[in-house]
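Residue-level listing of the chains:
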Amino acid sequence: MQMPLPDAAVILRRDEIAAALRLIVPGEGVIVSEPERRAYESDGLTAYRQPPLVVVLPSTLAQVASVMRYCRDEGIKIVPRGAGTSLSGGALPLADGVLLGMAKFNRILDIDYDNRCVVAQPGVTNLGISNAVAGAGFYYAPDPSSQIACTIGGNVAENSGGVHCLKYGLTTNNLLGLEIVLIDGEIVRLGGKHFDAGGYDLMGVLTGSEGLLGVVTEVTVRILPKPATARALLIGFAETEDAGNCVAAVIGAGIIPGGMEMMDRPAIHAAEDFVRVGYPLDVEALLIVELDGPAIEVDHLIDKVEAIARANRATSIRISRDEAERVAFWSGRKAAFPAVGRISPDYYCMDGTIPRARLAEVLARTRELSEQYGLRVANVFHAGDGNLHPLILYDANQPGEIERAEAFGADILRLCVAVGGVLTGEHGVGVEKRDLMGVMFNDADLAHQQRLKCAFDPDGLLNPGKVFPQLHRCAELGRLHVHAGRLPHPDLPRF
């Protein structure tokens, strides 16, 4: 994987750039020393590391706008960063770029129960929002496994999901408003506390844009009342294919669980060794199916899911008796990623999405690829919406293993696209999947996507080197303008 070559002239200006940034963000908000910059050299995709040119940590909206304006005027690249939990290299720094850390934007600004929403700064953690409203019986539905650490601004950038996204949606389905700073320092507000906004769906454009279009400085999300009842089934299967068929049968029966997750044998054993919640160890696959709503409805749906599971040859079924047991069922799934870290020196977490009906086929092919590459794989995924998270186990200290792991992962993603799926479900493209974009999109598709980036960032300064396998100059694509009252350039090529 190649990143853009660093601009040596910009690197030589490090001290000058740091001095200018200190005039905007005084005190300890600018980091220049090499040891301190090393703390920001990677995100959750730790195979790739690159210390940034300078780190700047603004604490006010005005500072963010001024930093953006200065970098635009000086032609300096900017990489936005939240908590750094991205698994696709979305926050990988650039040697000639300023890393804009948003960690100091960590306050909840407003809790509005009447309108069922929360206004938060982007550095507030995902779980922090739910904790803030739990006392009043509310919660924020999207719940990535990293929710204790990942921030709501990063969730917007990657359109994060979680175990309950099947019924309650991804970030985009729970987002009401955004405040964004554009590359020229302009501050734009979209949406608000109301349910829907008129005009173009610019929030939809910005959600999942991976820091390529603007920097999020405020987020308004909807909160939901906690369900009256929530119970979970722990269902074991002797064959992984039976578990996959059960997933399809549950959805086919018109049942939409609050969450439906699946783990295979290696993941089950790793999770049970880690959290000790009583997962069955004599099965090849384990489903966790949660039903929520009024008690009478939940009881009815549990009976239906149990019948479907038995029809698909389930070998064991446990139904949570109380809230503590339901939480225990989920604790193993939530801890699956760190648990796998106990059985392998390193692992590579993939993220692709497939049609549910192809689940058994894809799992079987993944096993074949595991044998082909000589690397173990533990499967943990959001079974209900087909979002796979294969964990490829390797040892970076062994020559060639990381390269084999990446090749294995690329083949899994190609397989996802081949069966009618997509390259990513919630982790984003970043640098990890960038060079695979041509598998899913043709040149015309990618050119149109780059035109959208040009409308927001005509000089290509925001998070360059991410998402697009080949960047074209905006002049080659035809410039678009997002400023009010300005029409597209008349020379804009059409397809």
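Analysis parameters
Residues numbered from 1 in each chain as written. Predicted model: local features only at pLDDT ≥ 70, side-chain atom pairs only at ≥ 80, totals over all residues. Heavy atoms only, no water. pLDDT = per-residue confidence, 0-100. Contact = heavy atoms within 4.5 Å. Pairing = 2+ DSSP bridges. Helix = DSSP H or I, 4+ residues; strand = E, 2+ residues; numbered from the N terminus. Axes fitted to C-alpha atoms, helices over the stretch in contact; angles between N-to-C directions. Phe/Tyr/Trp six-rings, centres within 6.5 Å; stacked < 30°, edge-to-face > 60°. Buried < 20%, exposed > 50% of the residue type's maximum accessible area, 1.4 Å probe, protein only. Expected span 1.5 Å × (residues − 1). Salt bridge = Lys/Arg side-chain N within 4 Å of Asp/Glu carboxyl O. Core = buried A, V, L, I, M, F, W, Y, C linked by side-chain atoms within 4.5 Å. Lys, Arg positive; Asp, Glu negative; His and termini not counted. Polar contact = N/O pair within 3.5 Å; in protein donor to acceptor, adjacent residues only side chain to side chain. Disulfide = S-S within 2.5 Å.

### Quick look at the confidence of the model for the protein chain
Right, so step 1: Summarising the model, the protein chain shows a mean pLDDT of 92, and 95% of its residues fall at 70 or more.
Right, so step 2: A low-confidence stretch, residues 479-495 stays under pLDDT 50, and its non-local contacts, those more than four residues away or across chains, total 24 contacts.

### Some words on the sheet that holds strand β5 (residues 108-112)
Right, so step 1: Ordered in space as β5-β6-β10-β8-β9, the five strands form an open sheet in which the pairing is antiparallel. In this open sheet, the two edge strands, each paired with only one partner strand, are β5 and β9 (187-191). Between one strand axis and the next, the sheet turns by 10 degrees as a mean value, whatever way the strands run.
Right, so step 2: Examined bridge by bridge, β5 and strand β6 (residues 117-120) share four bridges and lie antiparallel to one another. Its bridge partner lying in β6, Asp-112 is registered against Cys-117.

### Quick look at the packing of aromatic side chains
Right, so step 1: Tallied over the full model, the rule gives four aromatic pairs.
Right, so step 2: On the numbers, 6.4 Å between centres and 85 degrees between planes, the contact of Tyr-139 with Tyr-168 is edge-to-face. Pair noted here: Tyr-139 is in strand β7 (residues 138-139) and Tyr-168 is in helix α7 (residues 165-168), with a separation of 29 residues, a long-range link. Summarising the burial analysis for this pair, Tyr-139 and Tyr-168 share the class buried.

### Structural notes on helix α14 (residues 359-373)
Right, so step 1: Look at α14: 21 Å from first C-alpha to last across 15 residues, which is about the 21 Å you get at 1.5 Å a residue.
Right, so step 2: For α14, the secondary structure elements touched by its buried residues are α9 (240-252), β13 (259-264), β18 (377-382), β19 (387-394) and α15 (401-418).
Right, so step 3: Just beyond α14, the residue with positive phi is Gly-374, at close to 65 degrees.

### Some words on unusual backbone geometry
Right, so step 1: Even without being glycine, Asn-159 reaches a positive phi, approximately 50 degrees.
Right, so step 2: The topology assignment puts Asn-159 in the loop between α6 (152-158) and α7.
Right, so step 3: Asn-159 sits in the buried class, given a relative accessible area of 15%.
Right, so step 4: Notably, Arg-313 is not glycine yet its phi reads approximately 70 degrees, a positive angle.
Right, so step 5: Assignment of secondary structure puts Arg-313 in the loop between α11 (295-311) and β15 (314-319).

### A look at the pattern of salt bridges
Right, so step 1: One pass over the structure, following the stated rule, counts 30 salt bridges.
Right, so step 2: Between Glu-74 and Arg-13 there is a salt bridge; the shortest N-O distance is 2.8 Å. Here Glu-74 is found in helix α4 (residues 61-74), whereas its partner Arg-13 is found in the loop between α1 (8-12) and α2 (14-24), with 61 residues between them in sequence.
Right, so step 3: Among the salt bridges present, the one from Arg-318 reaches Glu-325, with a minimum N-O distance of 2.7 Å.
Right, so step 4: The class for Arg-318 is partly exposed, based on a relative accessible area of 30%.
Right, so step 5: Residue class for Glu-325 comes out buried when judged on its relative accessible area of 9%.
Right, so step 6: Here the salt bridges share partners, and the residues they tie into one network are Glu-34, Arg-38, Glu-41 and Arg-49.

### As for the sheet that holds strand β3 (residues 77-81)
Right, so step 1: Reading across the sheet, the four strands line up as β1-β2-β4-β3 and stay open at both edges, with mixed pairing between neighbours. Both outer strands of the open sheet, β1 (30-31) and β3, are each paired with one neighbouring strand and no more.
Right, so step 2: Note that β3 and strand β4 (residues 97-101) share five bridges and pair parallel. Bridging across to β4, Val-79 finds its partner in Leu-99.
Right, so step 3: Along the sheet face, α2 touches β1, β2 (54-56) and β4 and points at about 5 degrees away from the line of β2.

### Some points on the environment of Pro-469
Right, so step 1: Tracing the chain through its elements places Pro-469 in the loop between α17 (443-456) and α18 (474-477).
Right, so step 2: On the basis of relative accessibility, which here comes to 36%, the residue Pro-469 falls in the partly exposed class.
Right, so step 3: Non-local contacts of Pro-469, meaning those with residues more than four positions away in its chain, are made with Arg-434, Asp-435, Met-437 and Leu-446.

### Topic: the side chain of Asp-242
Right, so step 1: Considering the arrangement of structural elements, one finds Asp-242 in helix α9.
Right, so step 2: Apart from the residues lying within four places of it in its own chain, the contact partners of Asp-242 are Phe-237, Asn-312 and Arg-313.

### Quick notes on the nonpolar core
Right, so step 1: Ranked by size, the top nonpolar core spans 81 residues in total, and within it Leu-178, Ile-235, Met-262, Leu-287, Leu-291 and Ile-392 carry the most contacts.
Right, so step 2: If we skip the residues at most four places from it in the chain, Leu-178 touches Val-156, Val-188, Arg-189, Leu-190, Met-203, Leu-206, Val-216, Glu-218 and Val-219.
Right, so step 3: One finds Val-25, Val-56, Ile-76 and Phe-105 within the second-largest nonpolar core, a separate group that totals 29 residues.

### Looking at the side chain of Lys-466
Right, so step 1: Within the secondary structure layout, Lys-466 lies in the loop between α17 and α18.
Right, so step 2: Although Lys-466 is buried, it forms no salt bridge, and the closest oppositely charged side chain is Asp-43 at an N-O distance of 6.5 Å.
Right, so step 3: At a separation of 3.1 Å, a polar atom in the side chain of Lys-466 contacts the main-chain carbonyl oxygen of Gly-90.

### Regarding the state of the cysteines
Right, so step 1: Considering all chains together, one arrives at one disulfide under this definition.
Right, so step 2: What pairs with Cys-454 in a disulfide is Cys-474, and their sulfur atoms sit 2.1 Å apart. Handedness here is read from the sign of the S-S torsion; for Cys-454 and Cys-474, about -90 degrees, the answer is left-handed. You can see Cys-454 sitting in helix α17 and its partner Cys-474 sitting in helix α18, a full 20 residues away along the chain. For the pair Cys-454 and Cys-474, one class covers both residues: buried.
Right, so step 3: Free cysteine: Cys-71, not disulfide-bonded; nearest cysteine sulfur from Cys-474 at 18 Å.

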